[in-house]
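Structural overview
The primary structure of each chain is shown beneath.
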Amino acid sequence: MNRHHPFARRAFLQRSALGFGWLAFNGLFTTQARAGTHHAARAKSVIFCLMDGGPSHVDTFDYKPMLKKHEGEKIGAAAVSKRSQSSPNRVWLGSPWTFRQRGQSGLWVSDLFPNLARIADDLCVIRSMTGELPLHGQSNLLLHTGRILGQAPSFGLWVSYGLGTENRNLPGYVVLNNDWVPNGGLENFGSSFLPASHQATMMRAKGVPMDNITPKDAATIQRRKLALIAEQDSAFAPLSADARAIEGAIANYETAFRMQTEVPALADLGREPEKVRHLYGLDSKDEHQRYYATQALRARRMVEAGVRFIEITCPSFDGNNSPWDQHGLLKVNHEKNARVTEQSVAALICDLKQRGLLDQTIVLWAGEMGRTPHTPAISANGGRDHHVNGFSLFLAGGGFKGGTAFGETDEFGNAAVVNPLTVHDIHATVLHQLGIDHTRLTFRHGGRDYRLTDVHGRVVKEILA
Amino acid sequence: MYANRVWQWVMGAGLVATPDDFGRLGEKPTHPEVLDYLANELIREGWSTKKLVRRLVLSRTFRQAGMVSDEARARDPGNRLRHHYPTRRLEAEAVRDSLLAVAGRLDPKLYGRPILPPRVAEDGAKRLFAGPLDGLGRRSIYLQMSIMEPPKFLVGFNLPDLRLPTGRRDTTNVPAQALILLNDPFVEAMARHWGRELVKAQHATPEERVRAMFAAAFARDPSDAEVKRWTAAVREFSSPGQPDPLKDEGAWSQLGHAFFNTKEFLHYR
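An account of the accompanying structure is given in this report. (Residues numbered from 1 in each chain as written. Chains lettered and ligands numbered in written order. Predicted model: local features only at pLDDT ≥ 70, side-chain atom pairs only at ≥ 80, totals over all residues. Heavy atoms only, no water.)

**A closer look at the overall build of chain B**
When its secondary structure is counted, chain B shows 12 helices and 2 strands. Element order for chain B, N to C, with α for helix and β for strand: α-α-α-α-β-α-α-α-α-α-α-α-α-β. With the C-alpha coordinates of chain B rotated into their principal frame, the extents come out at 70 × 55 × 35 Å. Residues counted as buried form 45% of the 269 residues belonging to chain B. Taking contacts inside chain B between residues at least 6 apart in sequence as the whole, the part at least 24 apart equals 59%. Side chains of chain B give 41 positive and 33 negative charges; the mean places of these two sets differ by 4 Å. (Helix = DSSP H or I, 4+ residues; strand = E, 2+ residues; numbered from the N terminus. Buried < 20%, exposed > 50% of the residue type's maximum accessible area, 1.4 Å probe, protein only. Contact = heavy atoms within 4.5 Å. Lys, Arg positive; Asp, Glu negative; His and termini not counted. Charge placed at Lys NZ, Arg CZ, Asp CG, Glu CD.)

Set out below in structure tokens:
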């Protein structure tokens, strides 16, 4: 026996490939939650509130009194970074919003977020996020796919692929979109090399919620047609070489038929009590806030229905610019973005908590970047530019420690200095809470095993309850 | 490598099942001598894909039936020894082209400028403009591709990521595909078009027309039971008060739409 025979090695690798992929393999065939996780899962679904465009960390969760004190002073060469739109002659800019310590925990939250401030004790804020490039497209792809160049599956796909679905009539990954696709394009939500059966399903806030969900035929016609098709197909299946695939395609018609009623019912908020509708802001005069509130409330209903990963994007009110991208008019438009989103996000967290669902649901609130603590010149219409050298995001529920601030930037909020984290660390930690070891959730593509976290990522145990 | 791809296109699965990976991590060829022979012939014949395809479609392997005996299934469930011709779902472009062709809407013209795919919403800043619903009957190969938003209909049937070299496409089997075939406006438009063409045609009886539809959609004659089944259905789809059932465009469109939703339409065997 030749132990070094190349084919023995091939066989070994193929077997181990199967071995590494067992969780995912399980996911493909089980509909039972948490049946095949790597370890006991703390949470079973994720709601990802994408704050598209990059909310300013030094105006929200990262309190830096030094900015006010040194406002207008040049930042100098030492503060310049490739991970920030910066140059020595730019000047520090203090926050136009007052910061206060909130709740029992004393977490710092600015007046920009009055509703989130009220639930500060539920928030686990990371203040030391770092990215790679201060660009929207690349940073969005990094946040979604773990790579600045994309060409890899989205976070939601990995979760759906790893855990399977809890509800066969609904997709595992739903993107609640409004009218604006974030920079980086649809690739942010793409399946790439993962099986396309996990691909994101888009649900719109305006009009018909999902493509092709409205039956084109009257119910009686459609039923008659489906009976005819079923009769014809039942003869075809045994005649074909792969009867199982044909039978699967036949079964899909039954699911599709049910989805036509189930999806619109899920999207329909008409029967939510007035109190709940008000809590989310569905009665707002601002149409963009109504879209966001609609999506947030639908997200809760989807968690209840067993959808694994729900992403909510921000509505764009500014034509062709990312919602939170305030290079100018920081005060006006950050306030507008806050008004559109933060009441609904806070309502979502409260509502989940009241229903006892927050424990098993991870709410991730994150932009693809932060904003510079400096500006080219002090002006009333000024703003902040792109910055991934140290910024903030928060997690809530799902076993994350509430009322916590983890990591620190320097005294100007310019660079992460204590416990700097990357997007990979967040991915790894969220997967961990879902019962997945991020180093073992792999997919063989192009001759190697790929992971969401590539070769990076650590589970940040310090922020787990 | 190329001979294996052509084999895969013609036969459904390559002699090496992993077309992107001939290395140690890939699968071994099931018939290495055949692959070597085909590769040598390909080179000898001046790298002509046409000649290679001709050689393959004239082979006994290609001309096999799609039926599998229980014994063959038990011994070689993966069909590595090519004991039958596998049933395959049509690729995305072929699904769209088949709809155009069967409905009588296909424009067979070669070459010309690409045509924009239909879009629900245009986005001028991203240069995403909308084209006609049926692409003026142009084949899918002429649809303009955008990495930002590839044609939605094709994506539904596993058009691969446009930036990813993909030797073997996914073939998923998901309810969304049933929803597309049931409710998508393009499929509906093709059914209407087919209905219009059918009522114009000179058929003496509904039975004769159903036979013509079988020939167009499945390339075969129907059994007597099938003729009965489909003529009964078209009677039920007919609007009351229509004196000539052969002139009821709506009913024949409904029937055509049902044809588009059968598994036999979507699969190749």
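**Examining unusual backbone geometry**
Residues and elements named next belong to chain A. One non-glycine residue, Asn212, lies in positive phi territory at about 60°. Positionally, Asn212 belongs in the loop between β7 (201-204) and α7 (219-239). Residue class for Asn212 comes out buried when judged on its relative accessible area of 17%. Non-glycine residue Asn419 carries a positive phi angle of around 50°. Positionally, Asn419 belongs in the loop between β16 (416-418) and β17 (421-422).

**A short note on the pairing of strand β8 (residues 309-312) of chain A**
Residue and element names in this part refer to chain A. What you see with β8 is no split at all: Phe309 and Glu311 on one side and Ile310 and Ile312 on the other are buried throughout. The pairing of strand β1 (residues 45-50) with β8 spans 4 bridges and is parallel. Bridge pairing in β8 places Phe48 opposite Glu311. Summarising the sheet, strand β6 (residues 173-177) and β8 pair through 4 bridges and their orientation is parallel. Bridging across to β8, Val174 finds its partner in Ile310. (Pairing = 2+ DSSP bridges.)

**A word on helix α2 (residues 32-44) of chain B**
Residues and elements named next belong to chain B. Between its terminal C-alpha atoms α2 stretches 18 Å, which fits the 18 Å expected from 13 residues at 1.5 Å a residue. Turning to α2, its buried residues number three or more, namely Leu35, Leu38, Glu41 and Leu42. Looking straight down α2, one finds its buried side chains confined to an arc of 130°; they lie on one side. With respect to the buried face of α2, the exposed residues turned more than 90 degrees away are Glu33, Asp36 and Arg44. Residues of α2 that are buried sit in contact with α1 (2-11) and α3 (49-57). One or two positions beyond α2, positive phi appears at Gly46, with a value near 70°. (Expected span 1.5 Å × (residues − 1). Arc of directions from axis to C-beta.)

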